[in-house]
Amino acid sequence: MSNQSVVAGVGLAGVMAHCGGSPADAVELLVGAIASAPAAPEPYAALAELWRDRRSELEESLAEDGSLSAVVAQAYFLFLEGDMDDAVMALGSVTGARPDVAWGQHPGSAMRAFSTR
C-alpha cells in the first residue's frame, strides 16, 4: 500500500471514529493500514489518538470482538499502556509464538538436541 493510500485510509478511519461512525470499524481500517505498510507512522498515531479519545468505547467493543484486527489493536493498546508482557502474549495468541516457553525447552528445539549430547 502506498503512503498516499495509508493516509487516505487513516483519514477515512478518522471520519468513521469521530463523525457518527464506529470506532471499532475505524480500528479495523487502521490495523489493515498497518498490515499493508508497517513502517508508516500515520496508522499508529491514529490508533493512539483513538485510544486516548474513545478508550471506554473501544474497550467494550474490542472485548466482544475476537477478530484478528481486534487482537492486534488490543496488543498495541497494551503496548501504549506500558504493559509489554500482555502485549506480547496477545500477539502470540495470533502468531503462535509462545514467549512463556524458553526456546531451549521447546519440544523439537535444536538446542535440546545439543544439550543431550
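Residues numbered from 1 in each chain as written. Predicted model: local features only at pLDDT ≥ 70, side-chain atom pairs only at ≥ 80, totals over all residues. Heavy atoms only, no water.

Trainee: Please give an account of the pattern of salt bridges that cites residues and values.
Mentor: This structure, assessed with the given rule, holds 3 salt bridges. The partner of E81 in a salt bridge is R55, with the nearest N and O atoms 3.1 Å apart. Remark: R55 occurs in helix α3 (residues 41–64) and E81 occurs in the loop between α4 (68–80) and α5 (84–95); sequence separation between them is 26 residues. Taken together, the shared-partner salt bridges in this structure form one network comprising R55, E59 and E81. (Salt bridge = Lys/Arg side-chain N within 4 Å of Asp/Glu carboxyl O. Helix = DSSP H or I, 4+ residues; strand = E, 2+ residues; numbered from the N terminus.)

Trainee: Can you lay out the environment of W51 for me, pointing to particular residues and giving the numbers?
Mentor: Tracing the backbone through its elements, the reader meets W51 in helix α3. Residue W51 is classed as buried on the basis of its relative accessible area, which comes to 9%. Separated by 26 residues in the primary sequence, W51 and F77 have C-alpha atoms spaced 7.1 Å apart. Those residues in contact with W51, other than ones at most four positions away along the chain, are L58, E59, F77, L80 and E81. (Buried < 20%, exposed > 50% of the residue type's maximum accessible area, 1.4 Å probe, protein only. Contact = heavy atoms within 4.5 Å.)

Trainee: An account of the packing of helix α2 (residues 23–36) against α3 is requested, with residue identities and associated values reported.
Mentor: Packing of α2 against α3 brings their axes to within 9 Å, and their N-to-C directions diverge by 140°. Where α2 crosses over α3, the two elements pack in a sense that is left-handed. On α3, the residues that touch P23, A24, A26, V27, L30, A33 and I34 of α2 are P43, Y44, A46, L47, L50, R54, E57, L58, S61 and L62. Its residues placed into classes, the contact of α2 with α3 shows 14 nonpolar, 1 polar and 2 charged. (Axes fitted to C-alpha atoms, helices over the stretch in contact; angles between N-to-C directions. Left-handed = near helix turned anticlockwise from the far one by under 90°. Nonpolar A, V, L, I, M, F, W, Y, C, P; charged D, E, K, R; others polar.)

Trainee: Describe α3, naming the residues involved and giving the relevant values.
Mentor: End to end, α3 covers just 27 Å across 24 residues, shorter than the expected 34 Å (1.5 Å per residue, more than 12% under). Along α3, the sharpest kink reaches roughly 100°, centred on R54. Residues of α3 that are buried include every one of P43, A46, L47, A48, L50, W51, R54, L58 and L62, and no others. (Expected span 1.5 Å × (residues − 1). Bend = angle between axes of the 7 residues up to and from the residue.)

Trainee: Describe α2, naming the residues involved and giving the relevant values.
Mentor: Taking 1.5 Å as the rise per residue, α2 with 14 residues should run 20 Å; its terminal C-alpha atoms sit 20 Å apart, in good agreement. Residues P23, A26, V27, L30, V31, A33 and I34 constitute the buried set of α2. One face of α2 carries all of its buried residues, which in axial projection span an arc of 155°. (Arc of directions from axis to C-beta.)

Trainee: For a negative patch on the surface, give the residues involved together with the corresponding values.
Mentor: A surface patch of like charges, here negative, comprises D25, E28, E60, E64 and D65. Those elements giving two or more residues to the negative patch turn out to be α2 and α3. As for its position among the elements, E64 is in helix α3. (Patch = residues over 30% accessible without salt bridge, like charges linked within 9 Å, V, L, I, M, F, W, Y side chains within 5 Å. Areas by Shrake-Rupley, 256 points an atom, 1.4 Å probe, with all protein chains shown as cover. Lys, Arg positive; Asp, Glu negative; His and termini not counted. Charge placed at Lys NZ, Arg CZ, Asp CG, Glu CD.)

Trainee: Describe the packing of aromatic side chains, naming the residues involved and giving the relevant values.
Mentor: The tally for this structure, following the rule as stated, stands at 3 aromatic pairs. With 5.6 Å between their ring centres and 55° between their planes, Y44 and Y76 make a pair best called tilted. Placement of Y44 in helix α3 and of Y76 in helix α4 is noted, with a sequence separation of 32 residues between them. With a relative accessible area of 25%, Y44 lands in the partly exposed category. Here Y76 falls in the buried class, since its relative accessible area comes to 17%. On the basis of an interplanar angle of 10° and a centroid distance of 4.2 Å, the ring pair of W51 and F77 is categorised as stacked. On the criterion of sequence distance, the pair formed by W51 in helix α3 and F77 in helix α4 is long-range, its members being 26 residues apart. (Phe/Tyr/Trp six-rings, centres within 6.5 Å; stacked < 30°, edge-to-face > 60°.)

Keep in mind these numbers describe shape, not what the thing actually does.
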